[in-house]
Amino acid sequence: MNSVEWESLCDGCARCCLHKLEDEATGEVYYTRVVCRYLDEQTSTCSDYKNRNKNVPHCVHLTVKNIDEFSWLPDTCAYRLLSEGKDLPQWHPLLSGSKETVAQAGIGIKDKVINDRYVHPDGYEEHIIHWVGQ
Ligand code: SF4
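Below is a summary of the structure that appears in this document. (Residues numbered from 1 in each chain as written. Predicted model: local features only at pLDDT ≥ 70, side-chain atom pairs only at ≥ 80, totals over all residues. Heavy atoms only, no water.)

Right, let's get into the site of the ligand. Residues in close proximity to the ligand include C10, D11, C13, A14, C16, L62, P74, C77 and Y79, which together make up its full environment. For the shell around the ligand, the residue count by class is 8 nonpolar, no polar and 1 charged. (Near = heavy atom within 4 Å. Nonpolar A, V, L, I, M, F, W, Y, C, P; charged D, E, K, R; others polar.)

Listed below in structure tokens is the structure:
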């Protein structure tokens, strides 16, 4: 798979830009509705993609080489599905031919999140959500 094909797997849902909490005892990951301050919510894209690892040192960089580490990604994410040997859903843009189907399927995060500028890191637990499957 070349880099263009790899990038095309991303459906643009931006769910990976949500802050997550991990239960240290069980390793379970909980998604919150608190989103990275660099996400442009209107377009669901990073507003400073080129410098994302400088702006947010722990920002994830998904590659074929670290595919084994994708279990924390949302269960709808194509990279996770690929790592688990599963098929893409019908709403995925590569199958539907349109990015609109991501929003139509309720996968996007637009209007469902709160920017991390407005939430103290100690308060993320209050914003745990269950609409992102794990
Ligand atoms: S969760 Fe997966 S499909 Fe959605 S934006 Fe992140 S990398 Fe792309």
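That covers the picture; the talk isn't over yet.
Take the environment of H19 next. Looking at the secondary structure, you find H19 in strand β1 (residues 18–22). Here the side chain of H19 touches D116 through a polar contact of 2.8 Å, side chain to side chain. (Helix = DSSP H or I, 4+ residues; strand = E, 2+ residues; numbered from the N terminus. Polar contact = N/O pair within 3.5 Å; in protein donor to acceptor, adjacent residues only side chain to side chain.)

The next point concerns the nonpolar core. Ranked by size, the top nonpolar core spans 10 residues in total: A14, L18, V29, Y31, V35, L39, I109, V113, I129 and V132. Looking at this core element by element, the count peaks at 3 residues for strand β2 (residues 29–35). Apart from the residues lying within four places of it in its own chain, the contact partners of V132 are R15, L18, Y31 and P74. Core analysis: the second largest hydrophobic core is formed by 9 residues, L9, I67, C77 and A78 among them. (Core = buried A, V, L, I, M, F, W, Y, C linked by side-chain atoms within 4.5 Å. Buried < 20%, exposed > 50% of the residue type's maximum accessible area, 1.4 Å probe, protein only. Contact = heavy atoms within 4.5 Å.)

Turning our eyes to something else, we now look at unusual backbone geometry. Phi at S44 is positive, roughly 55°, even though this residue is not glycine. Tracing the backbone shows S44 in the loop between β3 (39–40) and β4 (45–46). Classification of S44 as buried rests on a relative accessible area of 19%. Positive phi, normally seen in glycine, also occurs at D111, with a value near 65°. Structurally, D111 is set in the loop between α5 (100–104) and β5 (114–115).

Moving on, we get to the sheet that holds β2. The strand order across the open sheet formed by 3 strands is β1-β2-β5, and the pairing between neighbours is mixed. In this open sheet, the two edge strands, each paired with only one partner strand, are β1 and β5. (Pairing = 2+ DSSP bridges.)

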